[in-house]
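# Structural description and commentary
One-letter residues, chain by chain:
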Amino acid sequence: MARTEVLTSVDIGTSKVTCLIAEVDSDGNIDFVGHGLSPCSGLKRGALIDPEATVRAIEAAVNDAEREAGFSVNNVLVSLTSEYVHSLSSHGVWAVANPEGEISINDVRRVLDSARLVGIPSDREIIHVVPRGFTVDGHEGVRNPVGLSGLRLEVDTHIVAASSAYLQNLGRCLGRATLEVEEDGLIASSMASGLSVLTAEERKLGTAMIDIGAGTVDLSVFCDEEIGHSAICAMGGDLLTQDLARFFRIPQDQAERLKLEKGIVAPAYLDSDEKDRDLETVPATSLSGEEEVEVSRFEMAQVLEARLLDILEWVGKELAKAEKQGLVVTSLVLTGGGAQLPGLANLACRELDLPCRVAAPCYPEKLPDQLASPIYSTAIGLILHGASRRLLPNDVPQGSSKVKVLLGRVGRWLAEVF
Ligand SMILES: Nc1ncnc2c1ncn2[C@@H]1O[C@H](COP(=O)(O)OP(=O)(O)OP(=O)(O)O)[C@@H](O)[C@H]1O
Ligand SMILES: [Mg+2]
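The sections below set out a description of the structure shown in this document. (Residues numbered from 1 in each chain as written. Chains lettered and ligands numbered in written order. Predicted model: local features only at pLDDT ≥ 70, side-chain atom pairs only at ≥ 80, totals over all residues. Heavy atoms only, no water.)

Relative to the elements of secondary structure, Val10 occurs in strand S1 (residues 4–12). Along the sequence, Val10 and Leu77 sit 67 residues apart, while their C-alpha atoms lie 6.1 Å from each other. Apart from residues no more than four positions distant in its own chain, Val10 is found in contact with Val17, Thr18, Cys19, Val62, Val76, Leu77, Val78, Ser79, Leu179 and Leu382. (Helix = DSSP H or I, 4+ residues; strand = E, 2+ residues; numbered from the N terminus. Contact = heavy atoms within 4.5 Å.)

Quick look at the structure:
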């Protein structure tokens, strides 16, 4: 019988904490056995503002997942999403150790170590060093140098680093919930989402994965199956809600309800009979709670469009940075709860001139229906990341693992090199 291992993911988002427990067998089959979701008020724009509330939300989500699974968990994979997470490019060089000049996995590790020596401020820690391409004795574009002959090995990498204080605070919250982060179990949120949402073709041809959460927008560019660029900005669905609340002078919970029930990305996407600004109105209560106000759907769309254009402008600037690094972006994929605002794919396509789709997780196969929502993309991606790390190359013959086939090289590099 296939050996199974338990993996647990905890996605600490600005609006909610999600915990998933999965059993993974040595063939790469993933079975979700527990799931918990708890609203969280401990973060603002991805940053911890109330550790107590965050610990309570983590405990509630994990307890629910444990109850469903029928056992308790301790080691977890955790997502990172905060403006305290940064990415940069780096180059590493290494003289091949073997006198015969055959490059080994140890040489690959050493050249990646040398790429880590990039100057990052002392108050940050490196989380990921993702190879984007190797050069052997001046020949560029080598994908996997192991087994090749050569004396000088170079690598271009994408590095993700996070503030040490942010990591310590996160670790403390998890510790108080009696959880421990697995070794190398921290992963940037949009990288995790990319693993669960993008198709192999999208990762190959060049796609920007954009996770629009409550507090942050997380972007990762996948190209030639590598992660080449990533960035986070502290704007998200909460800001849209706040804009509506301020503009119409209504409480935030009313503004959130209106956004979810009647929000649309821009007046241009309303049906022609809805475009008369006074025609369709939605009732809400005033700030004092004493009066009823009528909110025009047309004006709501105007307010939402203004903020979304800011967000898309930021995305456009990040895509330009990615292109400067030689990455090709042929499409956009939106996920996260905020991506569900009607018309967002059309607006993004109009503003950025790229085809765009809104996506929920499509991997692994046989995903329970209740998890097939954009709000679970990160938590599921964390499980895929953990599964790919478990299935080390010597464990199963190359190509026979479902997870490795699913994740392609991105997952394999994350899995094998670290
Ligand atoms: N149908 C919908 N239309 C518009 N917005 C939606 C819809 N459903 C959810 N949202 C918004 O999605 C956001 C929550 O998304 P998600 O659960 O991905 O965020 P999070 O992971 O908690 O936050 P973050 O990743 O930013 O830390 C909220 O701002 C919510 O208003
Ligand atoms: Mg999120």
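Attention now goes to the nonpolar core. With 61 residues, the main nonpolar core has Ile12, Phe32 and Ile58 as its most contacted residues. When residues of this core are assigned to their parent elements, the largest contribution, seven residues, is made by helix H1 (residues 51–69). Each of domain 1 (86–163) and domain 2 (199–358) gives at least three residues to this core. Contacts of Ile58, omitting those with residues within four sequence positions, involve Ile12, Val17, Cys173, Leu174, Ala177 and Leu179. By size, the runner-up hydrophobic cluster in this structure holds 46 residues, among which are Cys233, Ile311, Leu334 and Leu341. (Core = buried A, V, L, I, M, F, W, Y, C linked by side-chain atoms within 4.5 Å. Buried < 20%, exposed > 50% of the residue type's maximum accessible area, 1.4 Å probe, protein only. Domains from an automatic or database assignment.)

Counted by the stated rule, this structure contains two aromatic pairs. Between Phe247 and Phe248, the aromatic rings sit 4.9 Å apart at their centres with planes inclined by 80°, giving edge-to-face as the arrangement. For Phe248, a relative accessible area of 13% corresponds to the buried category. (Phe/Tyr/Trp six-rings, centres within 6.5 Å; stacked < 30°, edge-to-face > 60°.)

Its 13 residues place the ends of helix H3 (residues 164–176) 18 Å apart at the C-alpha level, agreeing with the 18 Å of an ideal helix rising 1.5 Å per residue. Listed in full, the buried residues belonging to H3 are Ser164, Tyr166, Leu167, Leu170, Cys173 and Leu174. A positive phi of about 55° marks Thr178, the residue just after H3. (Expected span 1.5 Å × (residues − 1).)

Backbone hydrogen bonds are what pair the strands of a sheet, in a parallel or an antiparallel way. Read across the sheet, five strands follow the order S3-S2-S1-S6-S11 without closing on themselves; strand pairing throughout is mixed. Single-partner strands in this sheet number two, and they are strand S3 (30–39) and strand S11 (180–188). Between one strand axis and the next, the sheet turns through 20° on average, direction left out of account. Examined bridge by bridge, S1 and strand S6 (residues 75–80) share two bridges and lie parallel to one another. Opposite Val10, over in S6, you have Val78 as the bridge partner. H1 contacts S1, strand S2 (16–25) and S3 of the sheet and is inclined by roughly 145° relative to S3. (Pairing = 2+ DSSP bridges. Axes fitted to C-alpha atoms, helices over the stretch in contact; angles between N-to-C directions.)

Turning next to the layout of surface pockets. Empty space among the atoms becomes apparent when a probe as large as a water molecule is rolled across them. Here the largest pocket is characterised by a volume of approximately 640 Å³. If you trace the largest pocket, you find 30 residues lining it, with Ser15, Gly213, Ala214, Gly337 and Gly338 closest to the centre. Of all elements in the fold, only strand S12 (207–212), helix H6 (237–248), helix H7 (252–262) and helix H10 (377–390) reach the threshold of two or more residues within the lining of the largest pocket. Across the lining of the largest pocket, the residue classes break down as eight nonpolar, 15 polar and seven charged. (1 Å grid on protein atoms, 1.4 Å probe; cavity = no way out; pocket = protein on both sides within 12 Å on 5 of 7 lines; lining within 4 Å. Points joined across faces, edges and corners; volume = space filled by probe spheres on them. Nonpolar A, V, L, I, M, F, W, Y, C, P; charged D, E, K, R; others polar.)

Turning next to the sheet that holds strand S7 (residues 85–95). What the four strands build is an open sheet, ordered S7-S10-S8-S9; its pairing is antiparallel. Strand pairing shows two members of the sheet lacking a second neighbour, S7 and strand S9 (139–142), which therefore form its edges. Pairwise comparison of adjacent strand axes, ignoring direction, gives a mean angle of 35° for this sheet. Two strands pair when backbone bridges link them, and strand S8 (residues 124–136) and S9 are joined in this way by two bridges, in the antiparallel orientation.

No statement about biological role is implied by the geometric values presented.
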